[in-house]
Protein chains: 2
Amino acid sequence: MSIRIGIMGYGNLGKGVELAVAAAEDLELAAVFTRRDPASLKIRTQGVPVVAAADAAAWTDKIDVLIVCGGSATDLPVQTPEYAKYFNVIDSFDTHANIPTHFANVDAAAKAAGKTAIISVGWDPGMFSLARAYANAVLPNGTDYTFWGPGVSQGHSDAIRRIKGVKNAKQYTIPVQQALDRIRGGETPELTTREKHTRLCYVVPEEGADLARIENEIKTMPNYFSDYDTTVNFITEEEFNRDHTGMAHGGFVLRSGVTGGGAKHIIEYSLKLESNPEFTTSVLVAYARAAYRLSGEGSFGAKTVLDIAPAYLLPASPEEQRSHLV
Amino acid sequence: MSIRIGIMGYGNLGKGVELAVAAAEDLELAAVFTRRDPASLKIRTQGVPVVAAADAAAWTDKIDVLIVCGGSATDLPVQTPEYAKYFNVIDSFDTHANIPTHFANVDAAAKAAGKTAIISVGWDPGMFSLARAYANAVLPNGTDYTFWGPGVSQGHSDAIRRIKGVKNAKQYTIPVQQALDRIRGGETPELTTREKHTRLCYVVPEEGADLARIENEIKTMPNYFSDYDTTVNFITEEEFNRDHTGMAHGGFVLRSGVTGGGAKHIIEYSLKLESNPEFTTSVLVAYARAAYRLSGEGSFGAKTVLDIAPAYLLPASPEEQRSHLV
């Protein structure tokens with residue numbers, strides 16, 4: 001019998017989950033929930049009902065795991081605790097500073113309902129959290145580094161688009177190669193913000209806009225750009241649509257540490273992703289499998305990736321895992 | 001109260017465990033067990049008893065976790081199941097093909113005694129197993145690659161030393177950069193043995209030995225060298241002792257995969273280790289912490305790294321882990 005997956009929200013993430021579920025033999029898509037008019041939504045999978053989000057609770061016995069595909073700013077803080085009353089849930093909550101609060105809210109709801117909830121699943125937080133945790137466990141005396149990119153930062157792209165005279169914009173975060181090389185070479189430098197990442201912007205201006213002013217407003221924007229070496233390129237809408245609609249991303253987690261006898265060691269984990277949402281949802285779906293199994297064992301409440309043994313993520317039997325992966 | 005660690009066997013691994021335990025605030029060394037005459041053994045830690053291995057069973061209530069530091073060929077297949085009768089145990093069993101059998105033997109002993117046993121801990125198997133498992137879980141449609149080195153292969157060094165006229169030898173396994181570059185570039189080539197690693201040998205010949213014959217015997221040795229591009233350098237004993245006594249090692253685990261919408265992704269995990277035994281024992285000690293906690297929860301029997309949630313490896317509280325590592 002397949003694990004019955006529900007999708008809450010049919011944006012980039014929801015669509016990615018649909019693809020990842022279709023590719024997994026032990027999972028099946030049971031329903032897609034939406035806040036839009038269900039009749040207006042066309043989904044890819046044939047024969048799967050599209051249901052109003054408001055009616056989700058009625059599906060409590062027909063869904064094994066609900067993957068909540070909302071945004072971290074306003075959707076997930078409300079949705080994940082709410083749906084944990086009715087379903088085992090997975091989310092990709094990625095506002096690092098608010099994870100403890102979100103965890104507490106989801107934990108209370110899931111424990112009260114006897115449900116399993118795994119939050120902050122994806123690649124950062126998610127796979128990068130795992131890389132940091134394992135590296136800290138085996139090299140307790142060391143220094144952590146996380147680099148993001150090359151890839152698009154949605155938040156920085158949005159910030160540029162809010163500037164007067166900007167029609168469209170995309171911002172790429174790029175790790176500084178020299179910094180990576182120093183760490184890989186055994187140094188443990190204290191790096192400033194500027195020394196870790198550069199910011200590369202492609203901006204489509206409105207006709208007649210003051211380009212010098214736009215460039216200056218970007219480069220001096222506090223928090224977003226002023227602490228970085230930022231490059232601004234003005235391009236046409238045609239160039240933008242041709243070259244800058246991709247969703248590639250990735251990054252690097254490194255830990256450089258010393259063991260008891262004085263030997264130095266470097267652990268590096270990296271991701272090179274052609275599609276940020278497709279990879280994120282592939283991670284979400286693996287953790288949905290884990291939530292289903294943990295729920296079956298009566299392990300309720302909120303969890304993060306740090307609380308889940310990797311064996312729970314794989315469809316293969318423990319024997320197959322030991323033969324092929326250990 | 002600290003977790004009381006016992007060390008079985010005081011070679012490179014045992015000494016590394018001693019250093020790693022000394023560096024951990026929540027662990028203390030309770031005893032070192034040896035098959036040698038205990039009176040002949042000088043250990044680094046003051047005030048810790050050295051005990052005959054034959055008397056280990058009497059320590060069952062004084063040790064929380066015994067780290068078995070024997071070799072995989074003949075020691076561990078006997079020792080780990082034997083000591084799992086009396087202790088929670090950790091070993092670094094690394095003969096991949098025999099892991100299922102070893103697991104079954106240890107599992108039976110540990111379950112019967114109500115003990116927790118974690119086998120095949122280290123970096124391969126160990127951290128590399130984790131890298132393979134997570135990458136397979138999140139990219140089910142993909143290709144795995146494991147490269148070892150640059151580092152010393154003990155087995156290959158031993159094989160050279162068995163050749164007539166060889167006084168001493170060291171063999172370095174070196175990953176082929178071009179192969180790594182192709183995979184990082186997005187290709188998923190089928191690589192032959194020769195295309196993945198080269199073998200670099202430093203040989204101290206006995207006086208008057210036939211160098212051409214030695215070189216030929218190395219390069220044509222089946223299994224060990226004949227399928228590889230092998231380079232043989234003859235050096236003096238002085239050069240050997242000056243340049244070739246290090247224990248550096250490392251390697252790379254890559255998975256290249258495609259998600260449901262056709263996007264390609266590459267996951268890479270790598271280790272660069274100045275001391276193979278020091279890093280291995282640092283991993284063993286982190287899993288000793290996990291074995292102690294799992295034993296306290298009544299989770300008995302044999303386990304591998306795939307069965308252990310990363311949270312169990314860290315001394316920090318779950319709250320601290322969520323704040324700093326997720």
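Each remark here, short or long, concerns the structure printed above.
Residues numbered from 1 in each chain as written. Chains lettered and ligands numbered in written order. Predicted model: local features only at pLDDT ≥ 70, side-chain atom pairs only at ≥ 80, totals over all residues. Heavy atoms only, no water.

Comments concerning the pairing of strand β12 (residues 249–258) of chain B
Residues and elements named next belong to chain B. Of all ten residues making up β12, nine are buried, and the element is well covered by its neighbours. Where strand β7 (residues 142–148) lies against β12, seven bridges are found, and the strand directions are antiparallel. From the neighbouring strand, glycine 142 faces β12, where its bridge partner is glycine 257. In the sheet, β12 pairs with strand β13 (residues 264–273) via ten bridges, with the strands oriented antiparallel. Residue pairing in the sheet places valine 258 in a bridge with lysine 264 of β13. (Buried < 20%, exposed > 50% of the residue type's maximum accessible area, 1.4 Å probe, protein only. Helix = DSSP H or I, 4+ residues; strand = E, 2+ residues; numbered from the N terminus. Pairing = 2+ DSSP bridges.)

Some remarks on the environment of glutamine 79 of chain A
Residue and element names in this part refer to chain A. Its place among the elements puts glutamine 79 in helix α2 (residues 75–83). Of the residues examined, glutamine 79 reaches a relative accessible area of 10% and is grouped as buried. Those residues in contact with glutamine 79, other than ones at most four positions away along the chain, are Met8, Arg35, Val68 and Gly70. (Contact = heavy atoms within 4.5 Å.)

Section: the nonpolar core
A general feature of soluble globular proteins is that nonpolar side chains tend to end up buried together. Residues Tyr287 of chain A together with Tyr287 of chain B are the most contacted members of the largest nonpolar core, which totals 160 residues. Beyond its immediate stretch of four places on either side in the chain, tyrosine 287 of chain A contacts Ile90, Ile118, Val121, Leu130, Val305, Ile308 and Leu313 of chain A together with Tyr134 of chain B. (Core = buried A, V, L, I, M, F, W, Y, C linked by side-chain atoms within 4.5 Å.)

Brief notes about the sheet that holds strand β5 (residues 88–91) of chain B
All names here are of chain B. Spatial ordering of the open sheet is given by β3-β2-β1-β4-β5-β6-β14, a layout of seven strands whose pairing is parallel. Only two strands of the sheet have a single partner each, and these edge strands are β3 (50–52) and β14 (301–303). Strand-to-strand twist in this sheet, taken as the mean axis angle between neighbours without regard to direction, amounts to 25 degrees. Alignment of strand β1 (residues 3–8) against strand β2 (residues 27–34), held across six bridges, turns out to be parallel. Across the sheet, residue glycine 6 finds its bridge partner in β2, namely alanine 31. (Axes fitted to C-alpha atoms, helices over the stretch in contact; angles between N-to-C directions.)

Without other data, these values stay purely geometric and don't point to any function.
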